[in-house]
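Chain residues, written in single-letter form:
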Amino acid sequence: MGTTVEDVVIVGAGIAGLATAVALKRAGIEALVLEKSEGLRTTGAALTLFPNAWIALDALGVSHKLASYTPSRKNHVTDLDTGEVQTVSLIKANGDAVGPRSVHRKALLEALADELPIHSIRFSSKISAIDTQQYEGSSIAIVHIENGTVIKAKVLIGCDGVHSVVSRLLGLSEPVHSGRSAVRGLAVYPQGHGLEQEVRQYVGLGRRAGFVPLTDKEIFWFFSGTTPAKGTSLAKDPEEIQKEILENYAKDLPPIYLDVVQHADVSTLTWAPLMFRYPWNVVFSSLSKQNITVAGDAMHPMTPDLAQGGCSALEDAAILGRHIGTSFKQNGHVLVPKEMSEVLSKYVEERRWRVVFLIAGSYISGWVQQGGSGWGMKFLRDAIFYKFIFPKMVSYVNYVDCGKLDF
Ligand SMILES: Cc1cc2nc3c(=O)[nH]c(=O)nc-3n(C[C@H](O)[C@H](O)[C@H](O)COP(=O)(O)OP(=O)(O)OC[C@H]3O[C@@H](n4cnc5c(N)ncnc54)[C@H](O)[C@@H]3O)c2cc1C
């Protein structure tokens with residue numbers, strides 16, 4: 001088969017890959033996105049996006065397409081061991097709700113994919129190997145697809161998720177299992193669920209569960225805890241997952257939560273081990289090498305305790321697009337390979353400490369919230385963590401400066 005040379009090749013058409021392609025398109029660069037699946041992967045049904053994700057979606061010019069998803073107005077956290085409920089208002093003084101919004105994964109991916117020319121996403125294209133070669137005095141990537149196609153790329157961006165081939169090439173450590181797994185799904189109420197747009201969470205020793213309305217008929221719910229690892233029969237059979245949640249892991253949760261799980265559309269249920277990369281690996285590793293870098297879970301897999309994996313993938317995309325786009329514009333709308341090493345280093349510099357914080361903050365947040373109700377842990381959680389640390393973490397997480405993508 002012949003070899004073509006592309007300006008930018010992105011591996012993976014998940015949130016990070018599609019959003020990066022949209023950011024580049026705003027600069028006038030047509031990236032080629034290679035995806036191993038036959039279509040967009042919507043596993044996980046929905047996800048929660050915090051205001052920082054919305055800042056990135058604004059920069060990408062797609063937030064208006066998701067405007068029907070409204071922000072939550074309150075967050076209720078119930079301590080499963082004591083029954084105490086902490087309620088936080090998510091409404092500003094002017095009456096606007098500023099809470100997170102839960103969106104269908106499919107709606108988010110389609111909103112991004114619809115921005116791209118149809119031929120720019122190539123499905124059923126699994127990357128099997130990557131080499132490098134000299135081209136016009138600098139390094140370019142040679143991407144091998146399983147079907148035998150070989151593509152040369154002036155810039156290669158790995159958005160290929162937790163088990164990223166590209167991050168391995170950069171020498172990043174393999175993600176580790178946190179010891180916890182999570183179930184996610186949608187509950188469907190054909191006659192309407194009648195609940196307010198509020199987040200409800202339940203935390204106890206080694207467990208965290210919750211739900212949030214997506215629309216007036218659908219609710220996104222989750223359960224995470226120290227559960228059997230993926231690979232058990234439970235992981236494969238959605239009806240068995242639902243039964244186990246109802247009759248075992250969550251049987252003592254309030255009836256409102258159990259009702260939501262009972263209304264699950266089992267076709268949306270997924271069971272996933274929670275993986276993360278040690279933050280010190282992100283501090284000390286090369287997150288880019290010459291013209292190759294990574295974004296999203298490929299760079300910073302994290303536990304979902306701050307719900308930031310997808311949000312930070314959108315941040316990566318907007319910021320990476322800005323760096324590459326600025327160089328493209330300054331060079332008269334030409335991508336100059338020998339500039340790319342420095343351009344990607346600047347992107348990495350801008351991202352490194354924020355994603356280190358997000359990985360560590362997510363892990364610590366999960367550990368404190370699910371540490372049980374022993375005297376010491378309760379004091380740490382209620383008197384220190386929720387009062388002083390958590391509000392600061394949330395305000396840091398909620399804001400990111402993505403800059404503008406108006407080239
Ligand atoms: C239980 C759970 C709950 C979560 N909740 C939230 C939440 O509420 N909010 C939030 O922001 N985040 C949440 N996340 C995290 C979020 O889902 C991820 O961070 C996000 O999907 C990462 O996007 P990505 O594009 O980097 O990777 P992915 O979504 O994994 O996409 C990677 C893509 O690359 C493709 N690919 C992989 N290898 C190859 C290859 N060799 N060749 C070609 N293609 C390849 C894959 O098929 C896939 O389409 C949650 C995660 C879990 C597990």
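(A) The arrangement of the overall build of the chain in detail. Helix and strand counts for the chain stand at eleven helices and 17 strands. On C-alpha atoms alone, the chain measures out to a radius of gyration of 21 Å, which is about the 22 Å that the 2.2 N^0.38 rule sets for 407 residues. In the chain, which comprises 407 residues, the proportion classed as buried is 55%. At a minimum sequence separation of 6, the contacts of the chain that also span at least 24 residues come to 74%.

(B) Molecular detail of the pattern of salt bridges. In total, this model carries 17 salt bridges according to the counting rule given. Across the salt bridge formed by Arg381 and Asp79, the nearest N and O atoms sit 3.2 Å from each other. Here Asp79 lies in strand 4 (residues 74-79) and Arg381 lies in helix 11 (residues 375-398), a separation of 302 residues in the sequence. Across this residue pair, the class does not change: Arg381 and Asp79 are buried. As a salt-bridge pair, Asp252 and Arg207 come within 2.9 Å of each other at their nearest N and O atoms. One end of the pair, Asp252, is in the loop between helix 6 (238-249) and helix 7 (255-262); the other, Arg207, is in strand 13 (residues 207-213), with 45 residues separating them in the sequence.

(C) Expanded view of the side chain of Asn75. Summarising the element assignment, Asn75 is placed in strand 4. A polar side-chain atom of Asn75 sits 3.5 Å from a polar atom in the side chain of Gln201. The contact partners of Asn75, leaving out residues within four places of it in the chain, are Gln86, Thr87, Val88, Leu90, Val199 and Gln201.

(D) Broad picture of the packing of aromatic side chains. Under the definition given, this model contains twelve aromatic pairs. Between the aromatic rings of Phe223 and Tyr249, the centroid separation amounts to 5.9 Å while the plane-to-plane angle is 40°, which identifies the pairing as tilted. Placement of the pair is Phe223 in strand 14 (residues 218-225) and Tyr249 in helix 6, with a sequence separation of 26 residues. Among the residues examined, Tyr249 registers a relative accessible area of 17% and is labelled buried.

(E) Representation of the nonpolar core in the model. Counting residues in each nonpolar core, the largest one holds 99 residues, and the members touching the most others are Leu49, Leu60, Leu314 and Ile324. By residue number, the principal contributor to this core is helix 10 (residues 337-369), which donates ten residues. Shared between two domains, this core takes at least three residues from each, and those domains are domain 1 (3-49 + 105-175 + 277-369) and domain 2 (177-275). Ignoring sequence-local partners within four residues, the contact set of Leu49 consists of Trp54, Leu57, Pro100, Arg101, Val103, Leu108, Cys311 and Leu314.

(F) Main features of the site of the ligand. Residues in contact with the ligand amount to 31 residues; listed here are only the nearest, Glu35, Thr48, Arg105, Asp297 and Gly310. At a separation of 2.9 Å, an oxygen atom of the ligand approaches a polar backbone atom of Ala16. Within the backbone of Lys36, one N or O atom sits 3.1 Å away from a nitrogen atom of the ligand. Contact with the protein chains removes 89% of the 1000 Å² of surface that the ligand exposes when unbound. When contributions to the shell around the ligand are tallied by element, the ones reaching two or more residues are helix 1 (15-26), strand 3 (46-49), strand 11 (176-188) and helix 9 (309-330). Examining the composition of the shell around the ligand, we find that three residues originate from one element, helix 9, more than from any other. Here the shell around the ligand is composed, by residue class, of 13 nonpolar, ten polar and eight charged. Split by domain, the shell around the ligand shows at least three residues from each of two domains, domain 1 (3-49 + 105-175 + 277-369) and domain 2 (177-275).

(G) A look at unusual backbone geometry. Although it is not a glycine, Gln290 adopts a positive phi angle of roughly 50°. Within the fold, Gln290 resides in the loop between strand 16 (288-289) and strand 17 (292-294). Of the residues examined, Gln290 reaches a relative accessible area of 46% and is grouped as partly exposed. Its identity as a non-glycine residue notwithstanding, Ala307 has a phi of 50°, on the positive side. Along the chain, Ala307 turns up in the loop between strand 17 and helix 9.

(H) Quick look at the environment of Thr270. As for its position among the elements, Thr270 is in strand 15 (residues 270-276). A relative accessible area of 16% places Thr270 in the buried class. With 67 residues separating them in the primary sequence, Thr270 and Pro337 have C-alpha atoms 41 Å apart. What Thr270 contacts, discounting residues up to four positions off in sequence, is Thr43, Gly44, Ala182, Val183 and Arg184.

(I) Structural context of the side chain of Arg322. Its place among the elements puts Arg322 in helix 9. In contact with Arg322, other than residues within four places in its own chain, are Glu350, Asp401, Cys402, Gly403, Lys404, Leu405 and Phe407.

(J) Layout of a nonpolar patch on the surface. On the surface, Trp375, Phe379, Ile384, Phe388 and Ile389 cluster together into a nonpolar patch covering about 570 Å² of accessible area. Mapped onto the fold, Phe388 is located in helix 11.

(K) Expanded view of helix 6. When helix 6 is considered as a whole, its buried residues turn out to be Ile241, Gln242, Ile245, Leu246 and Tyr249. Relative to the axis of helix 6, the buried residues are bounded by an arc of 135° and lie together on one face. Exposed positions of helix 6 whose direction lies more than 90 degrees from the buried face are Glu239 and Glu247.

Conventions used here
- Residues numbered from 1 in each chain as written.
- Predicted model: local features only at pLDDT ≥ 70, side-chain atom pairs only at ≥ 80, totals over all residues.
- Heavy atoms only, no water.
- Helix = DSSP H or I, 4+ residues; strand = E, 2+ residues; numbered from the N terminus.
- Rg over C-alpha atoms; globule rule 2.2 N^0.38 Å.
- Buried < 20%, exposed > 50% of the residue type's maximum accessible area, 1.4 Å probe, protein only.
- Contact = heavy atoms within 4.5 Å.
- Salt bridge = Lys/Arg side-chain N within 4 Å of Asp/Glu carboxyl O.
- Polar contact = N/O pair within 3.5 Å; in protein donor to acceptor, adjacent residues only side chain to side chain.
- Phe/Tyr/Trp six-rings, centres within 6.5 Å; stacked < 30°, edge-to-face > 60°.
- Core = buried A, V, L, I, M, F, W, Y, C linked by side-chain atoms within 4.5 Å.
- Domains from an automatic or database assignment.
- Near = heavy atom within 4 Å.
- Areas by Shrake-Rupley, 256 points an atom, 1.4 Å probe, with all protein chains shown as cover.
- Nonpolar A, V, L, I, M, F, W, Y, C, P; charged D, E, K, R; others polar.
- Patch = residues over 30% accessible without salt bridge, like charges linked within 9 Å, V, L, I, M, F, W, Y side chains within 5 Å.
- Arc of directions from axis to C-beta.

Function cannot be read off these values alone, since they describe shape.
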